[in-house]
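# Examination of the molecular architecture
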Amino acid sequence: MILSIILPVILQTVVCSAELITEPEARFGELVSSDSGIHDQAGLETELDNFVDQGDNERWEEESRKTSKIKEDRRHYKVKTIEEEKTTEGAAEVSSTWTNDEFNKIDEEKMKEEYRMNGGVHINQKTGGLRNIVVKIPDSFDPRDCDQILENIQAGLELMSREVYQSLNRRILLEEFQIYVPSTWTQDHCTQTILESSQLQDASLQITPGSVGSQPYTQQRQGCGEPGDNIFIPYSYLLLNSTETGRRLGNLWFRLRYGVFGDIDSDLDLVSRQYSQCLGKTVKDIILQHEDFSKPKPISYPNFTTPQIIIMKRIQPKFIILLENSVEMNHQDYWDYIRTACKKFILHDLPEDTELGLVLFNDDAHISHPVGRLGPRVISSTRNGLAFSIRTKHNLSPRTGSCVKCGVMKGIEALQISGASRGGVIIIISRGDSSSFTIQDEIELNQVSSKHQLQIFTISIPQPSVSELSIPLERLSYTTGAQSYLVSTQSQEDKPSLSVYMNLVDSLREILSSVLPYSSQLIYERRFEGSMDMEREEKDSFIIDKSVGVNTQFNVYFPEITESYIKSLSLSDTRRTRYSTLMDTTAGLHYYTIYNVPWDIPENIGMRWNYSLVRIPSPILQCSHVIQVTSSSSSNHDKLDIKISSNKDKFNASVTPDSPVILYTELRYNQKPVHNARIEAKIEGINRAGLSIPSTSIILVDSGSGDPDIYPGDGVYSRYLTSIQEEGRYTVSVHVSSTPSSPAYLESGSGQEELGEFSRVFSGYIFHISSVQRSTVDISPPSRILDLTVQVLSSQGEFEFKWTAPGDNYDDGKPTSYKLFYTQDPNSFYKYSQPGSELHLVQGFSGSKPSGENESHRILVQDYNINLYYCILGVDNQGNTGEISNIVVAYMPQPYSPLLHSGQSLREQGQLREGLFNPFQVIKEPNKIIMYAVVGVVTVVVFTFLVVMLILVVSRKLNRREDEPEPLDPGFKDNDLVRFSSIDLNIHGDSKPSQFISRIDPYTEIGPDSNYNSQDKLFYSHENLYQQVTITTSSIDLNLASSAIYAKPLPRSERGYKSILKKRREDGDGDSSPSELSDTQHSNLASEHSGSGNSYLESYLETNLDNLSLKQGPPTLPKPFLSLDITQDLAQGPYTSPDLLYESSKRIRTCTQV
């Protein structure tokens, strides 16, 4: 009987030993993750002693055998490890380095099969059903409607599961859903049982409070065959509860799970997104390529089975800080920054209801402070006890080793002591070098973390001598649903720079933000470098927007705790209320703040604040400063969510010209996509040698151009990262903002809802590049055009194409040219990577717009009444061509010609793209002879018109040149001018020649001091004609009398008197001036000039006016002040009697108004 008992035990031991030899790490992980929760030898022995005390001998014998087995397994594992190290000269350490090619070839799929990853949809290997499908209900839902909400959601999930089951021929069943209700809901609100979990999982289905009529959709940020992000389902849509509801939700699941872009039962359309994104493959083709169908699954569900629904509620997890305290952590005095950053996190950042424990480790590990509730931030013994447990640099361990696995095991022990058998957050702060954590450690801890539902965050602070970080340690964070962070320690000074401390502070804040939904967010940051010469005053402003406003902090950080180099610090709001009381109780934590600022009162939410910082110079440049403003969200406020990701989520990523890095940032406000936000991403890296890679910045866009941004307005902003040229570890931080000039907004049924001004800074996302394909020439093509559209301009016989311009290297720069192809065969596309013989080149034309701008091009169509299929691609300056664009189809009807179609049908079936139906029939080819004749006639008419216009212009210039006045007499001077504001020359008859009283010299200048009677008269006599000339100066402005006067000169044909004078001068009598002529000479002149048709008076006045040196100005000058009015009845001839001339009522203007 004893033999029958011992023999099975021996056989089991042999089998287990064989398993241990083949997979020691997996076996060991399974043992340490047992439900007993006992992970060390001392714990096992203590447990056995308890069984003896209780008198349970059978239990003691069973546990004793297990204890012996564990010891034996550990011995075998240790022996094997030592032998491997001896034979391979430290192969374990080499294999843990991230430069090892063997490590880069690790089969991650095999690792996933060995242990279950935390979170995510997975397949039940026994039944083939999909489990762990997470559904989240928003916090805004009323808990009093719990039962009704859950009932409607379960009905919709059942319809979706049935549709998936039937569409995939019973090969896939949605077996289990986990519905997470808000944390404020209790068992009193719901009749169904609510389970609690501290694990934070990404939701596959997100219920939204959408209005009636809102439609569900799948958010897809990556291309064909890549899984989507979420399915957003408006709650109102679930109320329909119809077959169509299930069919719609089933097709959305296919988009989420398999990365398709169409419905499974729809025909493949050439102009559809499915055709262009998946290169002509159908929805079923893509689905059958997925790993769900790569292996034959057992058919355990011959009939549809209602999925299992589990109601969950997330509770706040317990935290463990796992801090390495070896002497190596104080290289270049790093420990002071590490210690103070952890103390700040414990004393001021963690919420009051947080439970936290502290574990210190080096070669070994111990619990420095048990898990306890922190309590208030002001006075709390637990907070102080945890903070004081982190000693100064003088109390560091002299050991140099770093056993991360030892620390994690102690952290799990601390969680179990506190009563948490499952769930917890472990934050590891260590050097993170390759020797501290191996691949074997990764496999073991993955099993442990999966069993206990842990999230393990890592913060690596590498020493300058360490060039190789532990990729398994960072990957451990990824597989547990957490994140890893890197603190850059490169400094050109002997002491570490302030950036080391700020990186630690930022990393701890980001960890808290990813675990607790309503934790602090960084809304403003500005950095100031040190100065040695002069005092500086820094001024700026920031705003506390409506989505935050809880526990707001304004902190100014400085490097030295003994000297801040801050002279003054003040704040003021828009009401000009000033706050300047400096609070220096936090100086030991490297920052100051301002006392008693009412940040969080309701009337100050959304207010802009201005600050002033006066900085003192430092002779050793230790006066750099950083200003940060943080604030938390409240469940009662609106919430802004930001998520950073890339297409290189794995740690073994390669960059090739065909597969560059794509960055994504998802921005949502109350679960609605945010439009028109400005998102700037900054990328920093460290190469394999441990040196910094120059940083770069890019602007992410939500354009919907298709490559890389698939859908416009979905809240996913993306961009290609083409600057990566080195292998290394890259960290991404983004700055999200909305400005008053270009505010971000939400789309709603009533229009756009502006969000106002806000700002956020997020950091910490990492990705690893293990290989980069380099080239001495440019081999990166332009990105793919996936938003090509065509418009038919039938009246002009043209097609107009529009698209978003790609870049020279994907979406960076500007393409050199484009190539436009067409075909009449719709099956000619996507057969080859480049256009084949089936496609015909229409045109090649230059690119004019940079990446992201709208481009267009027109072509003349000569193929009528047939569907034409077009595609386009970009070409860079090196001849690299992008992939074929999406396909567009266009139809051009031929124009109607009644001369050639008498008796024919005037219409044919078909639709015009401009909205017309049944286009007129015409001949197949246009008549080129008629076209050329019309063009020739038009050309002749235009040429004739131009010749006539040229002749008229030349003739007019010649006539104008003949009418130009002769130069003035050289005897005249510049001041020999008569300047008047107005002159009225009125001709009156008089019978008495003796009334010729006086004559004013025509060359006399009227100036401001002249005493001239406004009614003085000039009398001129000629035979029996007495003409009285009255010069009226009543309106003369003597101040303007000296201004120049411009007048149009008389034509040469009317200057008879001047011609006579010129002739007499030639005869010897040319010295007499006009003013020196006698009465007899006047009479003679009148007689001689009478034959010309002008009166003597006209001749005399013309001569004297000509002698006034009146100048001619350009036509554009203003109207002059001088006006000459001479009225005369010319109907009776030049020598009509004065009486008739005086009584005549017919007055004719004979002089031009000047």
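What you see is a predicted model, and the numbers here were worked out from it, not measured in a lab. (Residues numbered from 1 in each chain as written. Predicted model: local features only at pLDDT ≥ 70, side-chain atom pairs only at ≥ 80, totals over all residues. Heavy atoms only, no water.)

## Describing the overall build of the protein
Operational definition: Numbered from the N terminus, helices here are DSSP runs of H or I no shorter than four residues, and strands are runs of E no shorter than two. Accessibility here uses a 1.4 Å probe with only protein chains present; expressed as a share of the type maximum, an area under 20% marks a residue as buried, one over 50% as exposed, and anything in between as partly exposed. In what follows, residue pairs with any heavy atoms lying within 4.5 Å of each other are defined as contacts. Accessibility throughout is a Shrake-Rupley quantity obtained with a 1.4 Å probe, and a residue counts as covered only by protein chains that appear here.
Within the protein one finds 23 helices and 47 strands. Counting across all 1154 residues of the protein, residues that qualify as buried make up 48%. Taking as baseline every contact in the protein between residues at least 6 positions apart, the subset at least 24 positions apart corresponds to 75%. Counting every atom, the protein has about 57,100 Å² of accessible surface; 50% of that belongs to carbon and sulfur.

## A closer look at unusual backbone geometry
Peptide bonds are trans in most cases, and residues, glycine excluded, mostly fall at negative phi. In this structure, P708 follows D707 across a cis peptide bond, with omega equal to 5°. Checked against the element boundaries, P708 lands in the loop between strand 30 (692–700) and strand 31 (716–721). A positive phi is found at N132, a non-glycine position, where the angle reads about 60°. Tracing the backbone shows N132 in the loop between strand 2 (130–131) and strand 3 (133–136). For N132, a relative accessible area of 2% puts it in the buried group. With a phi close to 70°, Q671 is a non-glycine residue in the positive phi region. Tracing the sequence through the fold places Q671 in the loop between strand 27 (661–669) and strand 28 (672–673).

## Regarding the confidence of the model for the protein
Put simply, the rule is: Here pLDDT means the predictor's own confidence in every residue, given as a number from 0 to 100.
Of the residues in the protein, 68% have a pLDDT of 70 or more, and the chain-wide mean is 75. This model gives residues 899–925 a pLDDT under 50, and the stretch forms 53 contacts once residues within four places in sequence are excluded. Contacts from residues 1069–1077, a stretch scored under 50 in pLDDT, to residues over four places away or in other chains number 18 contacts.

## Concerning a nonpolar patch on the surface
How we decide: A patch consists of residues whose relative accessible area exceeds 30% and which take part in no salt bridge; residues with like charges are grouped when within 9 Å of each other, and nonpolar side chains (Val, Leu, Ile, Met, Phe, Trp, Tyr) when within 5 Å. When a carboxyl oxygen of Asp or Glu lies within 4 Å of a side-chain nitrogen of Lys or Arg, that pair is called a salt bridge.
Together, I930, V934, V938, V942, F945, L946, V948, M949 and L952 make up an exposed nonpolar region whose accessible area comes to about 840 Å². Along the chain, F945 turns up in helix 19 (residues 928–962).

## A short note on the nonpolar core
Generally speaking, nonpolar side chains in soluble globular proteins are found buried as a group. Put simply, the test is: Side-chain atoms within 4.5 Å are what join buried Ala, Val, Leu, Ile, Met, Phe, Trp, Tyr and Cys residues into a set we call a nonpolar core.
In terms of nonpolar packing, the biggest core is built from 45 residues, with I137, I153, L168, L205, W253, F254 and I287 touching the most fellow members. Elements with a minimum of two residues in this core: strand 3, helix 8 (146–167), strand 4 (176–181), strand 6 (205–208), strand 8 (230–234), helix 9 (235–238), helix 10 (243–258) and helix 12 (283–288). If you tally residues by element for this core, the top one is helix 8, at seven residues. Those residues in contact with I137, other than ones at most four positions away along the chain, are I149, L150, I153, I179, Y180, V181, P182 and W185. Of all hydrophobic cores here, the second largest spans 44 residues; its members include W335, F457, L504 and V505.

## Considerations on the packing of aromatic side chains
The criterion, for reference: Pairing of aromatic rings covers Phe, Tyr and Trp, the last through its six-membered ring, and needs centres within 6.5 Å; plane angles under 30 degrees mean stacked, over 60 mean edge-to-face, and all others mean tilted. Criterion for a charge above a ring: Lys NZ or Arg CZ within 6 Å of the ring centre, and within 35 degrees of the ring normal.
Inspection of every chain in the model, using the stated rule, returns 28 aromatic pairs. Where Y524 meets Y611, the ring centres are 6.1 Å apart and the plane angle is 70°; that geometry is what we call edge-to-face. Taken as a pair, Y524 in strand 16 (residues 520–528) and Y611 in strand 23 (residues 608–615) lie far apart in primary sequence, 87 residues in all. With relative accessibility at 11%, the residue Y524 sits in the buried group. For Y611, a relative accessible area of 3% puts it in the buried group. Sitting over the ring of Y518, K639 keeps its end group 5.8 Å from the ring centre.

## As for the side chain of N886
Heads up, the condition is: Within 3.5 Å is the distance limit for a polar contact, defined as a pair of N or O atoms, with the added protein rule that one can donate a hydrogen and the other accept it, and that residues adjacent in sequence qualify only through two side-chain atoms.
Examined against the element boundaries, N886 turns out to sit in the loop between strand 41 (867–875) and strand 42 (888–891). Taking relative accessible area as the criterion, N886 reaches 9% and is therefore assigned buried. One polar contact links the side chain of N886 to the main-chain amide nitrogen of D787, over a distance of 3.5 Å. Within the local environment of N886, its side chain forms a polar contact with the backbone nitrogen of L788, the two atoms lying 3.0 Å apart.

## Considerations on the packing of helix 13 (residues 334–349) against helix 18 (residues 498–515)
The following threshold applies: Axis definition: a line fit to C-alpha positions, over the contact stretch in the case of helices; interaxial angles, taken between N-to-C directions, run 0 to 180 degrees. A crossing counts as left-handed when the near helix is turned anticlockwise from the far one by less than a right angle, and as right-handed when that turn is clockwise.
Interhelical geometry of helix 13 versus helix 18 gives an angle of 35° and a closest axis separation of 9 Å. In the packing of helix 13 onto helix 18, the handedness of the crossing is right-handed. Each of Y337, I338, T340, A341, C342, K344, F345 and D349 in helix 13 lies in contact with helix 18, whose residues at this interface are L498, V500, Y501, L504, V505, L508 and L512.

## Observations regarding the environment of T630
By the secondary structure assignment, T630 is in strand 24 (residues 625–632). Those residues in contact with T630 that sit more than four places away from it in its chain are R509, S520, Q521, L522, N551, T552 and Q553.

## A look at the state of the cysteines
To keep things clear, this is the line we draw: Two cysteine sulfurs form what is called a disulfide whenever their separation falls within 2.5 Å.
Tallying each qualifying case throughout the model produces three disulfides. Residue pairing for C224: its cysteine sulfur links by disulfide to C278, the two sulfurs lying 2.1 Å apart. Judged by the sign of its S-S torsion, about 100°, the bond between C224 and C278 is right-handed. A residue pair is termed long-range when its members are at least 10 positions apart, and C224 in the loop between strand 7 (217–219) and strand 8 and C278 in the loop between helix 11 (273–277) and helix 12 qualify at 54 residues. At a sulfur-sulfur separation of 2.1 Å, the disulfide partner of C403 is C406. Between C403 and C406 the sulfur-sulfur dihedral comes to about 70°; the bridge is accordingly right-handed. When its relative accessible area of 24% is taken as the criterion, C406 is described as partly exposed. What connects to what in the protein, once the bonded cysteines are numbered by sequence position, is 1-2, 3-4, 5-6.

## Thoughts on the pattern of salt bridges
Summed over the entire model, instances satisfying the criterion amount to 38 salt bridges. Across the salt bridge formed by R131 and E175, the nearest N and O atoms sit 2.7 Å from each other. Of this pair, R131 sits in strand 2 while E175 sits in the loop between helix 8 and strand 4, and the two are 44 residues apart along the sequence. By relative accessible area, which is 22% here, R131 ends up partly exposed. Its relative accessible area of 8% is what places E175 among the buried residues. With a shortest N-O distance of 2.3 Å, R608 and E757 are connected by a salt bridge. Placement of R608 in strand 23 and of E757 in the loop between strand 34 (751–756) and strand 35 (758–772) is noted, with a sequence separation of 149 residues between them. Counted as one network, the salt bridges with shared partners bring together D506, R509, E525 and R527.

## Focus: the sheet that holds strand 36 (residues 789–793)
Short version of the rule: Strands are labelled as partners when DSSP assigns at least two bridges between them.
Pairing is antiparallel in the open sheet, where three strands are placed in the order 36-37-40. Unpaired on one side and paired on the other, strand 36 and strand 40 (854–860) mark the two borders of the sheet. Ignoring strand direction, the axes of neighbouring strands in this sheet form an average angle of 20°. The pairing of strand 36 with strand 37 (residues 798–804) spans five bridges and is classified as antiparallel. Bridge pairing in strand 37 places T789 opposite K802.

## A word on helix 8
Rules: For a helix, the expected span equals 1.5 Å multiplied by the number of residues minus one.
Over its 22 residues, helix 8 runs 32 Å from end to end, which matches the ideal 32 Å to within 8%, given 1.5 Å per residue. If you check which residues of helix 8 are buried, you get C146, I149, L150, N152, I153, G156, L157, M160, S161, E163, V164 and Y165. The secondary structure elements touched by the buried residues of helix 8 are strand 3, strand 4, strand 6, helix 9, helix 10 and strand 9 (308–314). N169 lies just past helix 8 and shows a positive phi near 55°.

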